[in-house]
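# Observations on chain architecture
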Amino acid sequence: MRTIILKTASSYLLPVLLIFSVFILLRGHYLPGGGFVGGLIASMAYVLHAFANGLSDTKNLLRFHPGFLMPIGLALAFVSGMAPLFLDLPFMTGLWYPGEIPVLGSIGSALFFDIGVYLVVVGVTLTIIFTIVDTI
Amino acid sequence: MLIAVLLGFVFSLLLVVAGKFFRGKPAILSAIIPLSLFVYFSGFINEVSGGGVIRQSFKWVPSFGVNLGFTLDGLSLLFSLMITGIGFLVFVYTSTYLKGHEYLDRFYGYLSMFMASMLGLVLSDNMISLFVFWELTSISSFFLIGFNNKSEASRKSAITALAVTGLGGMSLLAGALILGSVGGTYTISELLNSNQVIADSPYYIPIVIFMFGAAFTKSAQFPFHFWLPGSMLAPTPVSTYLHSATMVKAGIYLLMRFTPILGNTEFWNSTLLIVGAITMVYAAIHALFRKDLKGILAYSTISALGILVFLIGQGTEKALLAAALFIVVHALYKATLFLVTGIIDLQTQTRDVTVLRGLRKVMLPVAIAGFLAAISSAGIPPTVGFLGKELTYESTLALISMPVLWIALILITKILLLYAGFVAGISPFVGKLPEQFANTKKPGMLLWLPPMILAVTGIGFGIFPALVEPIVFPVVTAMGESLGNEHLKLWHGFNTVLWLSIATIAIGTVLYFILKPSQKLVESAERFEFLSPKALTTVGWAYFNKVSSLWTRIFQNGYLRNYVSTIVVFLIGLAGYSLYQTAKFDLDLSTLNEITLYEMAVVAMMFSSIFFVVFTKSRLTAVASMGVMGLSICLLFVFYSAPDLAMTQFSIDTLTVILFVLVLYRLPRYLKLSDYRTRIKDGIISLAFGSIITVLILEVLASPVDKTISKYYAENAYVLAKGKNVVNVILVDFRGSDTFMEISVLAIAAIGVYALLKLHLKETDQH
């Protein structure tokens, strides 16, 4: 499936889709979106790239095995859940930075939890798809 | 106290990184940890013996009423001192015993993990954290028994031990949960106030049975005792530490801790008396028919645990004092004997008592330690064992019902235990040294010093009973009994107790000289092996395996389509039955919205895609049609204002189609996979499932909807969680724990896929 059109398009689409996935991730707290969908979109960006350029190219682009994103994401989600314990609050209490940050809006532990979800989803999807492509 | 408990866990984690360093000479440095803990806990002796109780509490999961509460009273202190004190000696001993072992660091890691969990167990004031630590001791015991993981017997024993004690752990959790809901709290010290409520509740008997289940499995009571002799395949330091001195006494600890809450009823006392008596006599007789030193010690340990349960069952303050003292006595002499056995095994490569003779010529200090431990186990004055035996007889004599029977049983046990102690502690060292052991190397000081210290402590406590009083008396106070002005003495005057003691020693010594352990005795006992609980369990186990593999072959046959149809058929049956029972089918059509044109278009699209999936001749068309189906559902979500759902469904569907295409790309172009009969069967199942779901949804519409939950989320999403997208707020905040579990499951699934496919690759490489 290595057509020149798809190849050219994918190299422009990859960064656009990745930025879009981050956008979806960040706006999730106020509007439709969130870490899960964001993660799926990001993995689609890479899958598209792999379709157009072959898996080895995508792997070179990534530099590391996508599986490593899973423990990082899980750890991030876990730590954001554990953080309130150090302030003597129960597990998974939402902590919020009092002020507003430009572009992002308010920042809280839930955002980091969502970023963890995003990373896990990307890691899981890419690991499964890459492994299957590798094997068959 | 939290730091004291966590220290062992931290050290064990540290070994993951710094393992290489600790594997060599510095291994002995790890003994600093139990030593410093021992000193720390010794500092509390004065305060606790003066009646003080030290409490500390940390929040853990306050919403479930689970706190990390620690209590240090007499009972906890006695166990803490034993855990850290014997732990220190075992740590020192191990550094020589397993010198140069390639996994020495791992061994220390497991050992310190065990020490920390055992400390947590005896210090916990909360039943849930008690349960967690209880399970941790079982798990570390599993790793330690299976330490020689290349031997199949080791692995099997480790699994047996884990299965039996794990069953007990479940039982403990069940008991704790019922007790918690009856007593209204999980805090043990608070339950003390409601013991009357608990005793009157209808759940009293189940609670006690569950607690007994936990204690009897952990403390190897009949008929759950069989894991303990098996666990003797572990390296000797483990047998010393876990399977004689500390872990197996966790069940005893549990019984003692809950005596003030659950005790003093007919059911509690008589069950303990009977189970304890059976165990002590049964195991003591078994010890006669062994010639492996560790086997003898294992059965005499079970017997000693039986004596402890028997004493707790008596329930009087005298009996509880006897139990507390006997815990100390037993830990001191049995740990010594195990360590001595380990040295003999290490230097001569055998533990067979029928060949071991005259070893005093090559290892005199070990012989002295063994001798002192043997006379302490025999209860010969002036050892602390004598004090323990006197108290045991005294309290048993005071029993109201059938004192003669109980006295006879305890007398037999004590005589047989004396015999076992003599065989293990004296017989390898006396007599003529056989040729084969003439060149045995002398053990190093780090090997013989730990058993020597324990044995001498036993004598010291016997000569100066005042030394052991501040440790033992507060145990009885902690269990809610008062001792008055009692003191431990070696000499009580000429009374029945003394005559019983003399009889024990005399008969036991005579028995030792008449009956020598031999191969013949071992064989005569093996004839009855098929009747033992272990053999019966093995038979049951085999049947269980047969049934489960049959079950697996029917339902888990490796065809995805069969799994799906099994699940679907089951659901049809279950939901269909329930609907048949309750459905009213009174749907008010006027409440439904009108059907719009675009909805009809989407539905038509769905139907045509289904038609294509079922009747197409090409795989690719089928997959693409499935994709059309998914996207049509997406559209429906958009119509009914669920954009989050639509977005997710859209992405998932795209990825699924890609995945399918990737897989199909490599498959042969088209094959007819199923015959008409299968297709018709599948069609019927699908239709039935579809109708059931339709009826179900119509039923849901017919019943009034409770909107409290959705209203709560909608109202509080912004107030509590500062988010305007309710769906996302539910995912990351309100039900964040669920999401966390879900992403963990996802990660596990990905690892599973990766492992399965990559493993398969390697196998094909091999062929």
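Predicted model only: the values in this text are computed from it and were never measured. (Residues numbered from 1 in each chain as written. Chains lettered and ligands numbered in written order. Predicted model: local features only at pLDDT ≥ 70, side-chain atom pairs only at ≥ 80, totals over all residues. Heavy atoms only, no water.)

### A short note on the overall build of chain B
On a plain count of helices and strands, chain B comes out with 32 helices and two strands. Taking the principal axes of the C-alpha coordinates as reference, chain B spans close to 105 × 65 × 50 Å. Buried positions account for 50% of the 767 residues belonging to chain B. Taking the contacts inside chain B whose residues are at least 6 apart along the sequence as the reference set, 78% of them involve residues at least 24 apart. Summing over all exposed atoms, chain B offers an accessible surface of approximately 37000 Å²; the carbon and sulfur share of this is 70%. Looking at charge distribution, chain B has the averaged site of its 51 positive side-chain charges lying 13 Å from that of its 39 negative ones. (Helix = DSSP H or I, 4+ residues; strand = E, 2+ residues; numbered from the N terminus. Buried < 20%, exposed > 50% of the residue type's maximum accessible area, 1.4 Å probe, protein only. Contact = heavy atoms within 4.5 Å. Areas by Shrake-Rupley, 256 points an atom, 1.4 Å probe, with all protein chains shown as cover. Lys, Arg positive; Asp, Glu negative; His and termini not counted. Charge placed at Lys NZ, Arg CZ, Asp CG, Glu CD.)

### Some thoughts on the packing of aromatic side chains
Residue and element names in this part refer to chain B. Counted by the stated rule, this structure contains 21 aromatic pairs over all chains. Pairing Phe-422 with Tyr-512 gives two aromatic rings, centres 5.5 Å apart and planes at 80°, and the pair type is edge-to-face. One end of the pair, Phe-422, is in helix H19 (residues 403-425); the other, Tyr-512, is in helix H22 (residues 496-514), with 90 residues separating them in the sequence. Accessibility classification places Phe-422 together with Tyr-512 in one group, the buried group. Ring pairing ties together the aromatic residues Phe-212, Phe-216, Phe-267 and Trp-268, which thus form one cluster. The ring of Trp-134 has Lys-218 lying over it, and the distance from NZ or CZ to the ring centre is 4.9 Å. When the ring centre of Tyr-543 is taken as origin, the NZ or CZ atom of Lys-546, which lies over that ring, is 5.4 Å away. (Phe/Tyr/Trp six-rings, centres within 6.5 Å; stacked < 30°, edge-to-face > 60°. Lys NZ or Arg CZ within 6 Å of the ring centre and 35° of its normal.)

### Here's the deal with the interface of chain B and chain A
Every contact between the two is made by 39 residues of chain B and, on the other side, 41 residues of chain A. Our count for the contact surface shared by chain B and chain A stands at one salt bridge. Ionic pairing is found between Asp-134 of chain A and Lys-758 of chain B, a salt bridge with its closest N-O pair at 3.3 Å. At the boundary of chain B and chain A, one finds two residue pairs in polar contact (both at pLDDT 80 or more). At the level of elements, helix H28 (643-664), helix H31 (726-734) and helix H32 (736-766) of chain B are the ones that each hand at least two residues to the side of chain B that touches chain A. A total of 15 residues in the side of chain B that touches chain A trace back to one element, the largest contributor, which is H32 of chain B. Residues of the side of chain B that touches chain A, tallied by class, amount to 22 nonpolar, ten polar and seven charged. (Salt bridge = Lys/Arg side-chain N within 4 Å of Asp/Glu carboxyl O. Polar contact = N/O pair within 3.5 Å; in protein donor to acceptor, adjacent residues only side chain to side chain. Nonpolar A, V, L, I, M, F, W, Y, C, P; charged D, E, K, R; others polar.)

### Comments concerning the side chain of Arg-290 of chain B
Residue and element names in this part refer to chain B. Along the polypeptide, Arg-290 turns up in the loop between helix H14 (266-288) and helix H15 (293-314). Take Arg-290: its relative accessible area is 18%, and that puts it in the buried class. Polar contacts involving the side chain of Arg-290 include one to the side chain of His-286, which spans 3.0 Å. With residues near it in sequence (within four places) discarded, Arg-290 still touches Gly-295, Ile-296, Tyr-299, Pro-517 and Val-522.

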